[in-house]
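# Working through the structure, step by step
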Protein chains: 2
Amino acid sequence: MPVPPPLQRSRIFDGLTDAEREQWLGRATRVTLKRGETLARQGEPARHFYLVETGFLKVLQLTVEGTELIVRFVGAGEPFGGVVALGNAPYPVTATATQPSVMRAWTRESLATLLAATPQVSVNIMREMAAHMTDALTRVRELTTARVGPRLAQTLLRLARQCGERHPEGVLISQPLTRQEFADLTGTTLYTVSRTLTKWETMGLLQTRQRLVLLRSLPRLEEIAGSDED
Amino acid sequence: MPVPPPLQRSRIFDGLTDAEREQWLGRATRVTLKRGETLARQGEPARHFYLVETGFLKVLQLTVEGTELIVRFVGAGEPFGGVVALGNAPYPVTATATQPSVMRAWTRESLATLLAATPQVSVNIMREMAAHMTDALTRVRELTTARVGPRLAQTLLRLARQCGERHPEGVLISQPLTRQEFADLTGTTLYTVSRTLTKWETMGLLQTRQRLVLLRSLPRLEEIAGSDED
DNA sequence: CGGCGGATTGAGCCAGTTCAAGTGAAGTGG
DNA sequence: CCACTTCACTTGAACTGGCTCAATCCGCCG
């Protein structure tokens, strides 16, 4: 069986030989998720390590009071649950499929065995974690300093990086997101998002059609993101 | 030579035999820092992995514009630079001693060798990272939802956990911090911090003397931290 | 068609920022 | 030992970004 392309390219397997990659994939089981199904629930024991083969996950953190924080999105080739599956901590977040998705899953035991054989993968997992850490700190810094405008611009640019698709007239954010979700990601209200996006649309910076956003001028958005005005 | 107590207890060495611990410490060099000296600078190649033997580090992230974010404090027994020393990424943060400090340092090469011998340590390092990740996400969530009062209370409680000292009348935050630093940690201004702390002082929740803060009622601070009022 | 989830837009308001002035404690150098 | 500077903190007063609430609109689906 040929290895599916998105998994071939996964940065998790950087530095491995094809044989080693095969060895990993051979030990994995397949999990399919319908749109809206939950892969892992915050607080449950972390029994598996996952890699997205196709589809998209939304990672949430919930508070005791019920407010939720969108932590990140996980696309094809990206891992989920790497750290916790090794220790025996529960999942610190909830992961839900935002579209029909196929995952590869490894049990804690397989993971431990495979990591012992190919320790390079733990370095790769740590690198991913470090990147997420940097992202989280960037969000903290933005929230403490920047105004809403620049923050929203940053959010759009980050999403473009995470799930952007080339498009004749710019970059399309391929995930359909509601104004509320943009607001959650940016740390504001859906009203302010609506007003700001409308303003930018009239300025020709972007275009929205329903829940999709097409960025038409990355440079000007970057300019806004870096300034302290909007 | 006996192993110094703070390193004995370090969670980084959880699950290791005494012999393995000795093996780690035997490969480490000692670095001493004066107050204000910088151990690692953001952007420089990460050549070492460190463990604090005595003292205290302040970890900062700097933006291109020069604003700085206090990421966390690192006390005795805690590691610094764990992830990046494995990949070959540069340090994503700057670490400065806030008091005279002694560090244990391992080169990338030693680290790789030792981790191969005692893989449990990588699990421990990942666990630390996961904890920091959770902290960062908690900060993000607070910044997007909570008012200043609860956030400041959370900051005080977090500091108490990170560097609190038992004291006859409560818990003393052992690090001297300016109002500006509290403001940076909380995501507000030094003026608001000053006003809020003054108010809480008159309510008997805490006491400040110069740059030190003594928390006199953790339960009431937790109550404020969890509410959406102040 | 009506119902429903999402988006827009207007108006008012307030938490918290900003600016400004003043106090006090800790250095520093003559 | 005392003037002078510096740094941290407090407090008052005014301003405002963006939140809140409410009304309305739009597109989709059964």
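No experiment lies behind these values; they were computed from the predicted model shown.

### Here we look at the overall build of chain A
- Per the secondary structure count, chain A includes 8 helices and 10 strands.
- Computed over its C-alpha atoms, the radius of gyration of chain A comes to 19 Å, within 12% of the 17 Å expected for a compact globule of 230 residues.
- Its C-alpha atoms put chain A at 55 × 45 × 30 Å along the principal axes.
- A total of 230 residues make up chain A; the buried ones form 53% of that total.
- Long-range pairs, those at least 24 residues apart, make up 70% of the contacts in chain A between residues at least 6 apart in sequence.
- Of the roughly 10900 Å² that chain A leaves accessible, carbon and sulfur atoms contribute 50%.
- Of the side chains in chain A, 28 bear a positive and 24 a negative charge, and the two mean positions are spaced by 3 Å.

### Overview of the packing of aromatic side chains
Residues and elements named next belong to chain A.
- Within this structure, the stated rule accounts for 12 aromatic pairs over all chains.
- Centre to centre, the rings of F56 and F73 are 6.2 Å apart; their planes meet at 45°, and the pair counts as tilted. Remark: F73 occurs in strand β4 (residues 68–74) and F56 occurs in strand β3 (residues 48–62); sequence separation between them is 17 residues.
- Joined through ring pairs, the aromatic side chains of F13, W24, F49 and W106 make up one cluster.

### Overview of the sheet that holds strand β8 (residues 170–173) of chain A
Residue and element names in this part refer to chain A.
- Spatial strand order, β7-β8-β10-β9: 4 strands in an open sheet with antiparallel pairing. Across the chains shown, the open sheet's two edge strands, defined by having one partner strand only, are β7 (164–167) and β9 (206–209). Taking the axes of each pair of neighbouring strands and ignoring which way they run, one obtains an average angle of 25° across the sheet.
- Sheet topology note: the β9/strand β10 (residues 212–215) ladder contains 4 bridges and is antiparallel. Residue Q207 lies in a different strand from β10, and its bridge partner there is L214.

### Section: the sheet that holds strand β8 (residues 170–173) of chain B
Residues and elements named next belong to chain B.
- Strand order across the open sheet formed by 4 strands is β7-β8-β10-β9, with antiparallel pairing between neighbours. Unpaired on one side and paired on the other, β7 (164–167) and β9 (206–209) mark the two borders of the sheet. Strand-to-strand twist across the sheet, computed as the mean angle between neighbouring axes with direction ignored, equals 25°.

### Things to note about the pairing of β7 of chain B
- In the sheet, β7 of chain B pairs with β8 of chain B via 4 bridges, with the strands oriented antiparallel. When the sheet's bridge partners are listed, H167 of chain B is paired in β8 of chain B with G170 of chain B.

### Here's the deal with the domain arrangement of chain A
Residue and element names in this part refer to chain A.
- As far as domains go, chain A holds domain 1 (5–142) and domain 2 (147–225).
- With centres defined by C-alpha atoms, the gap from domain 1 to domain 2 works out at 26 Å.
- Area buried by domain 1 at its contact with domain 2 is led by I70, F73 and E142, which between them contribute 49% of it.
- Between K58 and E181 there is a salt bridge whose closest N-O contact spans 2.4 Å.
- Linking domain 1 to domain 2 there are 2 residue pairs in polar contact (both at pLDDT 80 or more).
- If you tally residues by element for the side of domain 1 that touches domain 2, the top one is helix α4 (residues 120–145), at 4 residues.
- Here the residues of the side of domain 1 that touches domain 2 are counted per class, giving 3 nonpolar, 3 polar and 4 charged.

### Topic: the protein's contact with DNA strand C
- Around DNA strand C lies a shell of 17 residues, among which R179 and S194 of chain A together with V148, T188 and T192 of chain B are the nearest.
- Those atoms of DNA strand C that come within 4 Å of the protein belong to sugar or phosphate at a rate of 60%.
- At 2.7 Å, a side-chain N or O of S194 of chain A approaches a phosphate oxygen of DNA strand C.
- Contact between DNA strand C and R195 of chain A: a base nitrogen at 3.0 Å from a side-chain N or O atom of the residue.
- Contributions of two or more residues to the surface near DNA strand C are made by α7 (190–202) of chain A together with α7 (190–202) of chain B.

So, how was this worked out
Residues numbered from 1 in each chain as written. Chains lettered and ligands numbered in written order. Predicted model: local features only at pLDDT ≥ 70, side-chain atom pairs only at ≥ 80, totals over all residues. Heavy atoms only, no water. Helix = DSSP H or I, 4+ residues; strand = E, 2+ residues; numbered from the N terminus. Rg over C-alpha atoms; globule rule 2.2 N^0.38 Å. Buried < 20%, exposed > 50% of the residue type's maximum accessible area, 1.4 Å probe, protein only. Contact = heavy atoms within 4.5 Å. Areas by Shrake-Rupley, 256 points an atom, 1.4 Å probe, with all protein chains shown as cover. Lys, Arg positive; Asp, Glu negative; His and termini not counted. Charge placed at Lys NZ, Arg CZ, Asp CG, Glu CD. Phe/Tyr/Trp six-rings, centres within 6.5 Å; stacked < 30°, edge-to-face > 60°. Pairing = 2+ DSSP bridges. Axes fitted to C-alpha atoms, helices over the stretch in contact; angles between N-to-C directions. Domains from an automatic or database assignment. Buried area = accessible area lost by both parts, 1.4 Å probe. Salt bridge = Lys/Arg side-chain N within 4 Å of Asp/Glu carboxyl O. Polar contact = N/O pair within 3.5 Å; in protein donor to acceptor, adjacent residues only side chain to side chain. Nonpolar A, V, L, I, M, F, W, Y, C, P; charged D, E, K, R; others polar. Near = heavy atom within 4 Å.

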